[in-house]
Amino acid sequence: MDKHILLVAYTFPPSPGIGGRRWAKFAKYFTKLGYTVHVICSEQQNNELSLWYNDIKDNSKIVLYKIIQAYPSILRKVPENNFERIKYKLANSYIKLVSKGTPYDRSLFWNEDFESQASKIIEEFKVDFVFVTIAPLHYAFRLINLKKKFSTTKFIADFRDPWSRGNGYGFPQKNAKRQEVEFEKEKFVCNNYDLITFAHGNTLIDSQAAFNIKKENCYLLEHAIDTDDYVAKVVPKDQDKIKVIYMGTFYQGLKKHFDSIFKSTIDNSKLFFEFYTSNQIPSYVEFANPNQVSFNTQIEPKMLFSKIAQANYVLIIYSENMKTLMYTKIKEIVYTRTPIIIISKKGDASDFIVSNRLGIHLDYHEIETKLPNIFSEVMMHNYNYTFDTSSFTFESVTEKLIRKINTL
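Residues numbered from 1 in each chain as written. Predicted model: local features only at pLDDT ≥ 70, side-chain atom pairs only at ≥ 80, totals over all residues. Heavy atoms only, no water.

Draft legend 1. Local environment of the overall build of the protein. From N to C terminus, the protein includes twelve helices and 13 strands. In summary, the protein has a C-alpha radius of gyration of 22 Å against a globular reference of 22 Å for 408 residues, a match within 12%. Counting only C-alpha atoms and orienting by the principal axes, one finds that the protein spans roughly 65 × 55 × 40 Å. The 408 residues of the protein split such that 54% are buried. Within the protein, counting contacts between residues at least 6 apart in sequence, those at least 24 apart form 73% of the total. Summed over its atoms, the accessible surface of the protein is roughly 19,000 Å², and 50% of this surface lies on carbon and sulfur atoms. (Helix = DSSP H or I, 4+ residues; strand = E, 2+ residues; numbered from the N terminus. Rg over C-alpha atoms; globule rule 2.2 N^0.38 Å. Buried < 20%, exposed > 50% of the residue type's maximum accessible area, 1.4 Å probe, protein only. Contact = heavy atoms within 4.5 Å. Areas by Shrake-Rupley, 256 points an atom, 1.4 Å probe, with all protein chains shown as cover.)

Below, the structure is given as structure tokens:
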């Protein structure tokens, strides 16, 4: 008998963005377990392709249904000139008239047509499970309307990140009334879906307390790694250079920390930094030796992890206003057996790395005093090469998830 899942994911390949990675991978592994996955996602806005498009593009059991993007495109970027700033201000004012909550929920216009599309899919394919990935939140709120109509279908909301109680997506709102609207919408979702999954343990605990969610309705669905993305597990490191890789985004507020890194290590001739990022900002490396830095665009995961496996260290820096959560990249790096240098406040990620001897943690004020000594060594001496990563894989995590939802 055919088994069907409906997945609602605002960002999904071929549209680019890290937000599409988690559920593109789960969709891929659902199909390996015999499910057909129907995906309602936003229409692609440009010709740029997701780094995870290869995971889904030739899979006939992943079917896409695209929603026309009505959210103003100017609000999805940082204005670069006066004309764009005017457009941004006008669009923001319009959205504030449309929404009583945050103006930064990109699914605000996913209403009747979206519900109709979801209803049609559930009915036609006798869908067993509906997954809605958050952020954004509004479409999860709208989909509750279908629960009474499809009483045998189980609805699962997945929080990749905190919503109204986090520091992203325009939160916390300056307007207390708008903040309260989003809090109540999130509470309604958390208390009306059959299961609420969370990517981070702290978010689960905080949300359970804040929204009074029943313990049995909460499930920790941690980020996982896809073993298909790796060429080799252990690769000999270069002994003549100390290659350090930074991958991801140059977040606001990180420049002063990069300044400290480069000022304190400029005399180390063996040191070389490779950056793989979508937002190349030369000012972030103004104090670096230009012969010891290379900027690269983001590349496909298999190529990136091959380079990480050959590197001596991977550098991760959290913004000072970010919770030190266990993001996917940490588990991906651990699988390559490359030591991590994490610069952050003490938190889940730093505790995991240090307690398992998978890298080194520095607080921001320790960069200039401790980093030069760390980079004087080609390798971390007591690295834990025997750390067991089997529980991190999508095979393992997806099978556990299926067992859980079959008990609902």
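Past the structure itself, the notes keep going.
Draft legend 2. Local environment of the sheet that holds strand β8 (residues 242–247). Taken in spatial order, the six strands of this open sheet run β10-β9-β8-β11-β12-β13, and their pairing is parallel. With one partner strand each, in any of the chains shown, β10 (293–296) and β13 (359–362) form the two edges of the open sheet. On average, each strand axis in the sheet is tilted by 20° relative to the strand beside it, whichever way the strands run. Pairing analysis gives four bridges linking strand β11 (residues 313–317) to strand β12 (residues 340–343), with the strands arranged parallel. Its bridge partner being in β12, Ile 316 is matched across the sheet by Ile 342. Docked against the sheet, helix α7 (residues 255–265) engages β8, β9 (271–276), β10, β11 and β12, running at close to 155° with respect to β9. Against the sheet, helix α10 (residues 348–355) engages β12 and β13, with an angle of about 140° to β13. (Pairing = 2+ DSSP bridges. Axes fitted to C-alpha atoms, helices over the stretch in contact; angles between N-to-C directions.)

Draft legend 3. A nonpolar patch on the surface, seen in detail. Judged by side-chain polarity, Tyr 94, Leu 97 and Val 98 come together as a nonpolar surface patch covering roughly 340 Å² of accessible area. Checked against the element boundaries, Leu 97 lands in helix α2 (residues 82–98). Residue classification places Leu 97 among the exposed residues on the basis of a relative accessible area of 75%. (Patch = residues over 30% accessible without salt bridge, like charges linked within 9 Å, V, L, I, M, F, W, Y side chains within 5 Å. Salt bridge = Lys/Arg side-chain N within 4 Å of Asp/Glu carboxyl O.)

Draft legend 4. Representation of the nonpolar core within the structure. Residues Phe 258, Ile 261, Ile 330 and Phe 375 are the most contacted members of the largest nonpolar core, which totals 57 residues. The residues touching Ile 330, leaving out its near neighbours within four places in the chain, are Ile 316, Tyr 318, Leu 325, Ile 340, Ala 349, Phe 352 and Ile 353. Ranked by size, the runner-up nonpolar core spans 37 residues in total, among them Val 127, Val 132, Leu 137 and Leu 146. (Core = buried A, V, L, I, M, F, W, Y, C linked by side-chain atoms within 4.5 Å.)

Draft legend 5. Quick look at empty space enclosed by the protein. Evaluated as defined, the whole model comprises one cavity of 30 Å³ or more. Volume-wise, the largest cavity comes out at about 70 Å³. Lining the largest cavity, in full, are Phe 262, Thr 265, Ile 266, Asn 268, Leu 271, Phe 273, Phe 287, Ala 288, Asn 289 and Gln 292. Grouping the amino acids of the lining of the largest cavity by side-chain chemistry returns six nonpolar, four polar and no charged. (1 Å grid on protein atoms, 1.4 Å probe; cavity = no way out; pocket = protein on both sides within 12 Å on 5 of 7 lines; lining within 4 Å. Points joined across faces, edges and corners; volume = space filled by probe spheres on them. Nonpolar A, V, L, I, M, F, W, Y, C, P; charged D, E, K, R; others polar.)

Draft legend 6. Highlighting the packing of helix α1 (residues 21–32) against helix α12 (residues 394–405). In the contact formed by α1 and α12, the axes pass within 10 Å of each other and the chain directions differ by 75°. With respect to each other, α1 and α12 are oriented roughly perpendicular. Each of Arg 21, Arg 22, Trp 23, Lys 25, Phe 26, Tyr 29 and Phe 30 in α1 lies in contact with α12, whose residues at this interface are Phe 394, Glu 395, Val 397, Thr 398, Leu 401 and Ile 402. (Parallel < 35°, antiparallel > 145°, perpendicular 65-115°, else oblique.)

Draft legend 7. Looking closely at the sheet that holds strand β5 (residues 154–159). Spatial ordering of the open sheet is given by β3-β2-β1-β4-β5-β6-β7, a layout of seven strands whose pairing is parallel. Edge positions in the sheet fall to β3 (62–67) and β7 (218–220), since each has one partner strand and no second. Going from strand to strand, the sheet's axes swing by 20° on average, the running direction of each strand aside. Relative to β7, strand β6 (residues 195–198) runs parallel, the two being bridged by three bridges. From the neighbouring strand, Ile 196 faces β7, where its bridge partner is Cys 218. On the sheet, helix α3 (residues 112–125) packs against β1 (3–8), β2 (35–42), β3, β4 (129–134) and β5 and is oriented at approximately 170° with respect to β2. Against the sheet, helix α5 (residues 176–190) touches β4, β5 and β6, its axis set at about 135° to β5.

Draft legend 8. Representation of unusual backbone geometry in the model. Looking along the chain, the bond that leaves Pro 13 and enters Pro 14 is cis, with omega of 15°. Considering the arrangement of structural elements, one finds Pro 14 in the loop between β1 and α1. Between Ala 135 and the following residue, Pro 136, the backbone shows a cis peptide bond with an omega angle of -5°. In this structure, Pro 136 sits in the loop between β4 and α4 (138–143). If you check the backbone angles, Lys 126 has positive phi at about 50° while not being a glycine. With respect to the element layout, Lys 126 can be found in the loop between α3 and β4. Overall, Lys 126 belongs to the exposed group, its relative accessible area being 63%. A positive phi is found at Arg 357, a non-glycine position, where the angle reads about 55°. Turning to its location among the elements, Arg 357 is positioned in the loop between α10 and β13.

Draft legend 9. A look at the packing of aromatic side chains. According to the stated counting rule, one finds 41 aromatic pairs in the structure shown. Every member of this aromatic cluster is reached through a ring pair, and the members are Tyr 246, Phe 250, Phe 258, Phe 262, Phe 273, Phe 275, Tyr 284, Phe 295, Tyr 313 and Phe 375. Sitting over the ring of Phe 272, Lys 241 keeps its end group 5.4 Å from the ring centre. Its guanidinium or amino end placed over the ring of Phe 392, Lys 331 lies 5.0 Å from that ring's centre, counting from NZ or CZ. (Phe/Tyr/Trp six-rings, centres within 6.5 Å; stacked < 30°, edge-to-face > 60°. Lys NZ or Arg CZ within 6 Å of the ring centre and 35° of its normal.)

Draft legend 10. Spatial organisation of the layout of surface pockets. One number sums up the size of the second largest pocket: a volume of about 220 Å³. Surrounding the second largest pocket, 13 residues form its lining, Leu 220, Glu 222, Ser 391, Val 397 and Lys 400 being those nearest its centre. Of all the secondary-structure elements, those providing two or more residues to the lining of the second largest pocket are β7 and α12. With three residues, α12 is the largest single contributor of residues to the lining of the second largest pocket. Grouping the amino acids of the lining of the second largest pocket by side-chain chemistry returns seven nonpolar, three polar and three charged.

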